[in-house]
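Residue-level listing of the chains:
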Amino acid sequence: MVKGKKDDKRLITPIEAYLNLPAFLGIVSSSIEVFRKETIGYLLGFKGENKFIVEYAIPYQAVETGLTHATVDMDRVARINEILGKVSEGIEFIGDFHSHTQYGDAPATVTPSSSDLMSSVPGDLNIICAVNLKKRSVKWHEDNRGVLIGTIGSYRIIIGGFYVAKAGIGARYQRVSIKCPSVTGLREKKK
Ligand SMILES: [Zn+2]
């Protein structure tokens, strides 16, 4: 065991996740549909070095939803993996998403709860979609924390990502920058 030595933690490389339009729509529409309850689903796509490409986001239908958390039947995950193993062309299960909702006066955020951190699989991408009632409309944009923000209908949506390298209580997480050029545009030119 090394003690008292200077922290040899490497510089943290930023991790990015690119949402393709079907993935973006899957996350946002399922989160809005069950608003005031939480949705949970899985992400399919490709995983590269410090980068995820999310092709699809598919909500689980057989979820026990409560106001504060959602759980999934693990057999369902196993069945999905079995199908993917047979038919996918490089597309794989790369992680999960779930929504957070406004609860009373407390606005929903994209900060993972301690149970989110406990249940997240190390190495997987985790996406949180926070749904709040909108106060005013904003165009879809990425803020300086790497979080995607925009409004749809009566809702203000925030999409954030996190990543856990190692499991455990008090596990540290790293933010994942979420990008979705389909809705934010490839390059925003300033006038
Ligand atoms: Zn959560």
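As a reminder, the structure under discussion sits directly above these lines.
In this report, we go over the structure that sits alongside the text. Since we're looking at a predicted model, the values are computed, not measured. (Residues numbered from 1 in each chain as written. Predicted model: local features only at pLDDT ≥ 70, side-chain atom pairs only at ≥ 80, totals over all residues.)

For the rest of this paragraph, the subject is helix α1 (residues 21–33). Under the 1.5 Å per step criterion, the end-to-end length of α1 is 18 Å for 13 residues, consistent within 8% with the ideal 18 Å. Here α1 has its buried residues at A23, F24, G26, I27, V28, S30 and S31. (Helix = DSSP H or I, 4+ residues; strand = E, 2+ residues; numbered from the N terminus. Expected span 1.5 Å × (residues − 1). Buried ≥ 20, exposed ≤ 12 C-beta atoms within 10 Å, placed from the backbone.)

It is worth spelling out the environment of T151 at this point. Along the polypeptide, T151 turns up in strand β9 (residues 148–152). Taking the number of C-beta atoms within 10 Å as the measure of exposure, T151 has 16 and is therefore partly exposed. Taking C-alpha positions, T151 is 9.4 Å from K135, a pair spaced 16 residues apart along the chain.

With that out of the way, let us pick up the pairing of strand β2 (residues 40–48). With six bridges connecting them, β2 and strand β6 (residues 92–101) associate as antiparallel partners. Residue pairing across strands places L43 opposite G95, the latter belonging to β6. Pairing of β2 with strand β3 (residues 51–59), which is carried by eight bridges, proceeds in the antiparallel orientation. Counterpart to G48 in the pairing with β3 is K51. If you look at the hairpin formed by β2 and β3, you'll find two residues sitting between the two strands, and N50 has a positive phi there, around 55°. (Pairing = 2+ DSSP bridges.)

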